[in-house]
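Observations on the three-dimensional arrangement
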Amino acid sequence: MSAPSPASAQGQAAKASPIHVSAVTKVFKTRTGDEVLALADTTFKIASGEFVSIVGPSGCGKSTVMRIIAGLMEASKGAVLLGSKVVTTPSPEIGIAFQKAVLLPWLPVARNIALPAELEGRMAKAEIDARVDRLLEMVRLKGAGGRYPGELSGGMQQRVSIARALMTEPSVLLMDEPFGALDALTREHMHDELLAIWAANRPTVVFITHDIAEAVYLSDRVLVMASRPGRVIADVPIDLPRPRTPDIRGEARFAKLGAEIRALIPH
Amino acid sequence: MAMTGQKSGRMSQLSATLADLQTSRLAGVLHVVGVRMVQLLGGLLVWDLLVRGFQVDPRIVPSPLDVLESLWNLTISGILFDAIRITMLQTVIGFVIGAGLGIVLAVTLSEVKILKLILQPYIVALQAVPKVAVAPLFLIWFGFGMESKIALVVSILFFPVLVNTMAGLDATTEEQLELMRAYRATRWQTLVRLKAYVALPFVFAAFEVSLVLALTASVVAELLGSGTLVGLGTLIKIFDARMNSAGIFAVLIVLSVLGVALHALVIAASHRFLAWSRPL
Ligand SMILES: Nc1ncnc2c1ncn2[C@@H]1O[C@H](COP(=O)(O)OP(=O)(O)OP(=O)(O)O)[C@@H](O)[C@H]1O
Ligand SMILES: [Mg+2]
């Protein structure tokens with residue numbers, strides 16, 4: 001287990017499930033019959049309420065490992081534990097933001113965000129509406145709730161999909177390059193919003209990104225993956241104090257951690 | 001003082017532009033109507049001149065005036081509206097049943113893959129049968145009343161709707177299905193919240209081609225055998241027996257108007273229900 005993070009040291013109830021990826025191997029069969037070893041014997045643990053980023057070159061298996069954690073894809077070998085249970089199907093604890101926004105074009109933005117709650121069918125209509133309003137504000141799309149996905153820019157669509165992932169206040173949050181399509185300023189705003197949500201609810205977060213500075217700013221730990229075959233090659237603890245504020249980006253320690261991680265990523 | 005003057009000036013400018021916009025829209029509509037009227041009258045004039053110039057036998061091609069007269073007589077006698085009602089009733093009932101059955105079977109087959117495997121060859125074989133050739137059988141099975149006509153309409157509509165809806169239900173992307181699975185949608189939720197919407201443009205495409213076909217089928221069924229009910233097809237048969245070409249032409253004009261109206265209706269409905277799928 002990793003060292004207790006500051007918030008849990010403050011005595012907050014840590015009820016979010018830890019994640020244990022245990023010796024997971026994933027082999028894909030291509031159309032031509034070849035086999036691709038997307039993940040080879042990958043093992044890592046994420047503690048309850050911990051914020052962990054995964055970085056690594058394109059095609060190293062980041063999205064694949066996230067799908068396996070989410071219960072959307074079976075491992076060829078090995079297993080994932082969510083809390084004490086082996087993952088076989090998607091769990092209601094999980095909120096997920098995919099690499100692509102995947103919005104339903106026939107639903108207005110607000111209904112796209114509400115989708116997970118509507119499918120679950122436990123939240124009252126008024127509660128759903130109130131929550132959607134708050135999420136719209138958080139992702140800076142206030143007033144866009146009635147618009148349709150086809151009328152939004154790529155970055156706006158991505159923010160809708162982030163809001164959707166947060167809809168059910170999941171205790172495990174899986175995010176696959178969620179801020180990839182955002183401009184620098186919106187991205188930094190989203191960093192602070194995400195950290196605020198994380199500080200308030202303390203979900204366990206797996207955050208996939210190509211942006212090293214983003215990984216350092218947000219995370220307790222950064223896992224570095226390599227490709228062919230996909231595996232974790234380094235585990236870098238981010239010992240910057242929390243709560244993190246934008247000025248931290250100018251500090252020497254921040255730059256040093258970034259450089260350290262960059263040097264670890266194979267290219 | 002100067003401020004308010006400026007403001008009201010801008011306001012009147014604004015309302016003037018709005019008024020301009022409205023008059024220009026009205027002018028646009030009037031322009032289109034005017035052009036269409038000229039086209040219509042021009043066409044009738046050419047038709048009339050040709051018939052007169054070549055002294056065509058009115059039993060072969062009647063003059064436009066004879067056709068209009070026939071149309072007028074059919075209208076005031078009430079025969080035309082009864083005939084329209086009967087043919088349209090057959091078309092609409094047949095459409096509702098045929099489209100309904102097609103959609104229900106499509107959903108069943110796409111949800112129960114084993115049924116699809118079993119039934120696929122039969123569907124392909126039945127689809128290949130020219131439906132009009134089956135019409136005599138429908139007369140034997142359902143009699144000379146509306147039922148046999150409705151049956152032909154149903155048989156014409158059913159297959160395009162079935163095939164298109166099945167294709168539509170399978171047109172979901174892997175990512176959309178993954179989204180529904182991630183949020184633990186039930187099979188029913190995935191059907192009504194995802195697949196139904198993905199299929200909708202396909203269903204409307206089927207409606208667009210088959211609704212006018214349904215009208216044709218309704219008329220053809222009457223031509224092949226009719227009882228006491230006088231629909232538009234039966235009317236054509238009656239005029240045919242009397243060598244009354246003007247009457248036939250009058251009915252054809254009515255059918256063409258109905259066909260265009262039905263088509264416009266489907267287009268309007270698809271614009272209403274598929275607004276989200278239109279690129280902006
Ligand atoms: N459904 C699939 N069928 C076959 N091969 C796949 C499939 N999904 C992923 N792969 C392969 O597995 C490897 C890892 O893919 P994955 O999408 O996990 O990479 P990634 O690290 O998320 O890359 P990126 O940063 O570009 O998103 C790649 O070589 C990819 O080609
Ligand atoms: Mg990926």
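Keep in mind it's a predicted model, so treat the numbers as computed, not measured. (Residues numbered from 1 in each chain as written. Chains lettered and ligands numbered in written order. Predicted model: local features only at pLDDT ≥ 70, side-chain atom pairs only at ≥ 80, totals over all residues. Heavy atoms only, no water.)

Here the focus is the sheet that holds strand S7 (residues 172-176) of chain A. Residue and element names in this part refer to chain A. Ordered in space as S6-S7-S8-S3-S9-S10, the six strands form an open sheet in which the pairing is mixed. Looking along the sheet, the strands with just one partner apiece sit at the ends: strand S6 (94-97) and strand S10 (231-237). Averaged over all adjacent pairs, the angle separating strand axes in this sheet is 15°, with direction ignored. Inspection of the sheet shows strand S3 (residues 51-55) paired to strand S9 (residues 221-226) by four bridges, in the parallel sense. Looking at the pairing, Val-52 lines up with Arg-221 of S9. Its contacts with the sheet put helix H5 (residues 154-166) on S6 and S7, and the angle it makes with S6 is roughly 175°. Its contacts with the sheet put helix H8 (residues 252-264) on S3, S9 and S10, and the angle it makes with S10 is roughly 165°. (Pairing = 2+ DSSP bridges. Helix = DSSP H or I, 4+ residues; strand = E, 2+ residues; numbered from the N terminus. Axes fitted to C-alpha atoms, helices over the stretch in contact; angles between N-to-C directions. Contact = heavy atoms within 4.5 Å.)

Let us now look at the interface of chain A and chain B. Interface extent is often summarised as the accessible area lost during association of the parts. Taken residue by residue, the interface counts 24 residues in chain A and 17 residues in chain B. Taking both partners together, chain A and chain B bury about 2100 Å²; carbon and sulfur atoms supply 66% of that area. By the criterion of area lost to chain B, the three top residues of chain A are Leu-72, Trp-106 and Leu-119 of chain A, representing 35% of everything that side buries. Between Arg-67 of chain A and Glu-178 of chain B there is a salt bridge whose closest N-O contact spans 2.4 Å. Where chain A meets chain B, there are seven residue pairs in polar contact (both at pLDDT 80 or more). (Buried area = accessible area lost by both parts, 1.4 Å probe. Salt bridge = Lys/Arg side-chain N within 4 Å of Asp/Glu carboxyl O. Polar contact = N/O pair within 3.5 Å; in protein donor to acceptor, adjacent residues only side chain to side chain.)

Looking now at the environment of Ser-218 of chain B. Residues and elements named next belong to chain B. Inspection of the secondary structure assignment puts Ser-218 in helix H8 (residues 187-224). A sequence separation of 138 residues divides Ser-218 from Leu-80, and the C-alpha atoms of the two residues are 16 Å apart. Among residues more than four places away in sequence, those in contact with Ser-218 are Thr-87, Gln-90, Thr-91, Lys-149 and Val-153. At 2.9 Å, the side chain of Ser-218 forms a polar contact with the side chain of Gln-90.

Okay, the confidence of the model for chain B next. Residue and element names in this part refer to chain B. Residues of chain B with pLDDT of at least 70 account for 91%, and the chain-wide mean is 88. Predicted confidence for residues 1-5 stays below pLDDT 50, and this span has zero contacts to residues more than four positions away or in other chains. In the model output, the complex is listed with pTM 0.83 alongside ipTM 0.88. (pLDDT = per-residue confidence, 0-100.)

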